[in-house]
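Read off the chains here:
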Amino acid sequence: MIGLAARRSFENLFAPETRKVFWKVLGLTLLALLVLWFVLRGVFNFLVLPWLQGFMPFTSDWTGWLTFLLAIFAGIALALAMALLISPVTALIAGLFLDDVAEVVEKRDYPGDAPGTAMPIVAAMKSSLRFLGVVIVGNIMALFLLFIPGVNLVAFFLVNGYLLGREFFEFAAMRFRSPDEAREFRVKHALMVFLAGLVIAAFLAIPLLNLLTPLFAAGMMVHLHKLISHRETSLRSGQT
């Protein structure tokens, strides 16, 4: 069931119906990251660099070497900062278009089912901010756990698998259920949701492709919610 949901979601990413949302999210994300790059570089050049240069000795023999080393460390630091910002920025932007992805999935793969209800714009913005918070908290926790011997990348997958699985599944469920019902449904199928979250975490770990993680995750969880709901409906019908 998880494999089927993941495969269908990946196929939907490049389907003609999803192409408009695909390019919109990708373009806005790249634009936001470009702006952030110039902001971070400007902050470093105008605030951090003068402060660091104040600690440099004023001898010509050493100044050139220190400036060179400082430039190398600055480039590494900016690259790391951008790498850490990719997931939060993508989550913030894509969170505004998750309902568009869900509607495409529902119309394309489940035309006989009643359509879900999209969140109002204010609720969508709150949801986008919540996804942003989840991604930030998850990656901060994983970053700290990476320093614990024997944990390393396992921490990244476990933390992100749980948080992303929980949030995106509840998003998909809330298109058809109240928030409380969606939460209860997620708890009822907690193991499957967590395993699906691990697939999303693996997708998040792939460079460049991770820019599309929220779109992939939303589509996958819409499929998973549909598949679980259909299975439960079939089981109830068989018992009656």
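Residues numbered from 1 in each chain as written. Predicted model: local features only at pLDDT ≥ 70, side-chain atom pairs only at ≥ 80, totals over all residues. Heavy atoms only, no water.

Undergrad: It is not clear to me how the pattern of salt bridges should be interpreted in this structure. Could you clarify?
TA: Taken as a whole and assessed by the stated rule, the structure comprises 8 salt bridges. Arg 175 is paired through a salt bridge with Asp 99; the nearest N and O atoms lie 2.5 Å apart. Placement of the pair is Arg 175 in the loop between α6 (153-173) and α7 (179-188) and Asp 99 in helix α4 (residues 98-109), with a sequence separation of 76 residues. Across the pair, Asp 99 and Arg 175 agree in class, each one buried. Residues Glu 167 and Arg 166 are paired through a salt bridge, measuring 2.8 Å at the closest nitrogen-oxygen approach. Each of Asp 99, Glu 106 and Arg 175 takes part in salt bridges that share partners, so that together they form one network. (Salt bridge = Lys/Arg side-chain N within 4 Å of Asp/Glu carboxyl O. Helix = DSSP H or I, 4+ residues; strand = E, 2+ residues; numbered from the N terminus. Buried < 20%, exposed > 50% of the residue type's maximum accessible area, 1.4 Å probe, protein only.)

Undergrad: In this structure, what is going on with the environment of Ala 173? I would like to understand it.
TA: Inspection of the secondary structure puts Ala 173 in helix α6. Residues Ala 173 and His 225, 52 residues apart in the sequence, show an inter-C-alpha distance of 6.4 Å. Setting aside anything within four residues of it in sequence, one finds Ala 173 in contact with Ala 182 and His 225. (Contact = heavy atoms within 4.5 Å.)

Undergrad: Please clarify how the packing of helix α1 (residues 2-13) against helix α8 (residues 190-204) should be interpreted in this entry.
TA: When two helices pack together, their arrangement is given by the angle between the helix axes and by the axis-to-axis distance. Following both chains from N to C, one finds α1 and α8 inclined at 40°, their axes separated by 10 Å at the closest point. Between α1 and α8, the interaxial angle falls into the category oblique. Like other packed secondary-structure pairs, α1 and α8 cross with a definite hand, here right-handed. Together, Ile 2, Ala 6, Phe 10 and Leu 13 of α1 and Met 192, Leu 195, Ala 196, Val 199 and Phe 203 of α8 make up the contact between the two elements. For the contact of α1 with α8, the per-class residue count stands at 9 nonpolar, no polar and no charged. (Axes fitted to C-alpha atoms, helices over the stretch in contact; angles between N-to-C directions. Parallel < 35°, antiparallel > 145°, perpendicular 65-115°, else oblique. Left-handed = near helix turned anticlockwise from the far one by under 90°. Nonpolar A, V, L, I, M, F, W, Y, C, P; charged D, E, K, R; others polar.)

Undergrad: Just to check I follow, could you spell out α7 for this structure?
TA: An α-helical segment advances 3.6 residues per turn. Residues three or four places apart therefore align on the same side. Among the residues of α7, those classed as buried are Ala 182, Phe 185 and Arg 186. Along the long axis of α7, the arc covered by the buried residues comes to 100°, so they all point the same way. With respect to the buried face of α7, the exposed residues turned more than 90 degrees away are Glu 184 and Lys 188. (Arc of directions from axis to C-beta.)

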